[in-house]
Amino acid sequence: DGNGPYQFAANLTFIVIVVLWTTILGIITFLSLALTNKLRVSLEVEKVGLDVKEHGGSAYENYISRRLSQMVSASPTFKAHGIGGSKSPKPKVETIVENDAAC
């Protein structure tokens, strides 16, 4: 028989409790990280790239320079200002790695 409506009510109650528990703890965790500024990396790390900062090298260096070249050569804004195409040099992708004794 499976206890019919009683079992259904128990399961539904359990689902509601789990959803509320997860939501409340998620909000507490998110707000505590937001208030302590732990949700984002610093502006320096964001510019350099987290892979460079954490691992010492760019995971997508070839992809980025190739994609950037494609974007520059295809952009009407860049073409209007004489940037891109065969006359302008390819953009350089620089990586900055700090010596980190903690690694």
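Just so it is clear, the model here is predicted, and its values are computed rather than measured. (Residues numbered from 1 in each chain as written. Predicted model: local features only at pLDDT ≥ 70, side-chain atom pairs only at ≥ 80, totals over all residues. Heavy atoms only, no water.)

**Focus: the overall build of the protein**
This is how the line gets drawn: Secondary structure elements are taken from DSSP: a helix is a run of H or I of four residues or more, a strand is a run of E of two residues or more, and numbering for both begins at the N terminus. Any two residues whose heavy atoms approach within 4.5 Å at even a single point are treated as in contact. Each accessible area is a Shrake-Rupley estimate made with a 1.4 Å probe; only the visible protein chains count as cover when residues are assessed.
Looking only at helices and strands, the protein has five helices and zero strands in total. In the protein, the order of α-helices and β-strands from amino to carboxyl end is α-α-α-α-α. A separation threshold of at least 6 residues defines the contact pool for the protein, and within that pool the share at least 24 residues apart is 39%. If you sum the accessible surface of the protein, you get close to 9100 Å²; carbon and sulfur atoms cover 63% of it.

**Details of a nonpolar patch on the surface**
This is how the line gets drawn: Any residue with relative accessible area above 30% and no salt bridge may belong to a patch, with like charges joined within 9 Å and the nonpolar Val, Leu, Ile, Met, Phe, Trp and Tyr side chains within 5 Å. Salt bridges are defined by distance alone: a side-chain nitrogen of Lys or Arg within 4 Å of a carboxyl oxygen of Asp or Glu.
On the surface, Phe-8, Leu-12, Val-16, Leu-20, Trp-21, Ile-24, Leu-25 and Ile-28 cluster together to form a nonpolar patch covering roughly 830 Å² of accessible area. The residue Ile-28 is located in helix H1 (residues 4-35) in this model.

**Concerning the confidence of the model for the protein**
In plain terms, the rule: One number per residue, pLDDT, summarises how confident the predictor is, and it ranges from 0 to 100.
Confidence in the prediction for the protein averages 76 pLDDT; 62% of positions are at 70 or higher. Model confidence for the protein, summarised as mean pLDDT per element, is weakest for helix H5 (residues 76-80) at 61 and strongest for H1 at 96.

**Overview of H1**
Where we set the bar: Multiplying one less than the number of residues by 1.5 Å gives the expected span of a helix.
In a regular helix each residue adds 1.5 Å, so 32 residues correspond to 46 Å; H1 covers 47 Å between its end C-alpha atoms and thus fits that length. Asn-37 occupies a position one or two residues after H1 and carries a positive phi of about 55 degrees.

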